[in-house]
Amino acid sequence: MSNIQTIIQSNLDTIHRQMHESAEASGRAQGDITLVAVSKVQPDEKIDAMLACGQRIFGENRVQEAQGRWSARRRQYPDLQLRLIGPLQTNKVKDAIELFDVIETLDRPKLAEKLKAAMEASGEDIPLFIQVNTGEEPQKAGILPSELKSFFEYSRLELGLRIEGLMCIPPVDEPAGLHFGLLKTLADSLALRNISMGMSGDYEKAIRFGATHIRVGSALFGERDYS
Ligand SMILES: *Cc1c(COP(=O)(O)O)cnc(C)c1O
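Predicted model, so just to flag it, every value in this text is computed and none were measured.

Cut-offs used in this document
Residues numbered from 1 in each chain as written. Predicted model: local features only at pLDDT ≥ 70, side-chain atom pairs only at ≥ 80, totals over all residues. Heavy atoms only, no water. Helix = DSSP H or I, 4+ residues; strand = E, 2+ residues; numbered from the N terminus. Expected span 1.5 Å × (residues − 1). Buried < 20%, exposed > 50% of the residue type's maximum accessible area, 1.4 Å probe, protein only. Arc of directions from axis to C-beta. Contact = heavy atoms within 4.5 Å. Near = heavy atom within 4 Å. Polar contact = N/O pair within 3.5 Å; in protein donor to acceptor, adjacent residues only side chain to side chain. Areas by Shrake-Rupley, 256 points an atom, 1.4 Å probe, with all protein chains shown as cover. Nonpolar A, V, L, I, M, F, W, Y, C, P; charged D, E, K, R; others polar. Pairing = 2+ DSSP bridges. Right-handed = clockwise from strand over helix to strand, strands pointing away. Core = buried A, V, L, I, M, F, W, Y, C linked by side-chain atoms within 4.5 Å.

Here's the deal with helix 5 (residues 109-122)
Compared with an ideal rise of 1.5 Å per residue, which puts 14 residues at 20 Å, helix 5 spans 20 Å between its outermost C-alpha atoms and is within 8% of the ideal. Among the residues of helix 5, those classed as buried are Leu111, Ala112, Leu115, Ala118 and Met119. For helix 5, the angular spread of the buried residues around the axis is 135 degrees, confining them to a single face. Residues Glu120 and Ala121 are exposed on helix 5 and point more than 90 degrees away from its buried face. Close packing links the buried residues of helix 5 with helix 4 (93-99), strand 4 (102-106), strand 5 (128-131) and helix 6 (145-158).

Have a look at this one:
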């Protein structure tokens, strides 16, 4: 095993152990919680080490970057699952549905309409999560909690999109638990089973609040190097 793979395996073991403990502490089954490895900005050798450790579910936040990283690996690993967790521009919709298995960041009617049209044209029917701006931050993507129900009904009932869950990114300067609790309440109110919340710093808390998908980057791969 390479040195990098040893480190990645150890990080992965740690997260799995914490997932197990948090699930158990809240009376949930570990199998109800999916680990999404957030691979954005990470170097190839770490991605390949993660794959060698058996991880197959990855999150990316930019369409173009993800195409570069995953197009070839996709053919090599047919059981890969790629999830878009960053903002989606309408001019990237076609590329996005070609590459991703799940899009977690549906956040506006215009995007819902574009996705509908593109999927109709390509014959695909990708599961979608609605991103909710639980902190009502002006600079942040996501539908406001007060507008969620009507947006959900529009997307699911009128457009017929496969809405399967909710996703949020809490404000950095507020207790995450408030936002996790709100997202769980909103998901329950719409009878949506899947809840994507929790990152490296707070995934254990997110599991206690009902997360079904945790998005973990730096705790798995190490810090991202933007230099
Ligand atoms: C980068 C990113 C993550 C992972 O963040 P870490 O703190 O590195 O775990 C999770 N979710 C989204 C939407 C991200 O952009």
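Here the narrative resumes, following the displayed structure.
A look at the site of the ligand
Neighbouring the ligand are 13 residues; Lys40, Ser200, Gly217, Ser218 and Arg224 lie closest to it. Within the contact set of the ligand, a nitrogen atom lies 2.9 Å away from a side-chain nitrogen or oxygen of Arg215. Ser218 is positioned such that a nitrogen or oxygen atom in its backbone is 2.8 Å from an oxygen atom of the ligand. In isolation the ligand offers 390 Å² of accessible surface; the protein chains occlude 89% of this area. Counted by class, the shell around the ligand contains six nonpolar, four polar and three charged residues.

Quick word on unusual backbone geometry
Residue Val41 is not a glycine yet carries a positive backbone phi of 70 degrees. On the secondary structure map, Val41 appears in the loop between strand 1 (34-38) and helix 2 (44-52). Residue classification places Val41 among the partly exposed positions, given a relative accessible area of 25%.

Describing the pairing of strand 5
Of the two faces of strand 5, the one holding Leu128 and Ile130 and the one holding Phe129 and Gln131 are both buried throughout. Pairing geometry for strand 4 and strand 5, over two bridges, is parallel. Bridging from a neighbouring strand, Leu106 pairs with Ile130 of strand 5. Regarding topology, helix 5 serves as the crossover connection from strand 4 to the parallel strand 5, and that connection is right-handed. Where strand 5 meets strand 6 (residues 163-167), four bridges bridge the pair, whose relative direction is parallel. Residue pairing in the sheet places Phe129 in a bridge with Gly165 of strand 6.

A short note on the nonpolar core
Counting 64 residues, the largest nonpolar core has Leu106, Leu115 and Ile130 as its most contacted members. If sequence neighbours within four positions are ignored, Leu106 has contacts with Leu111, Ala112, Leu115, Leu128, Phe129, Ile130, Gln131, Phe151, Ser155, Leu161 and Ile163. Membership of the second largest hydrophobic core comes to five residues, among which are Val38, Ile85, Val102 and Phe129.

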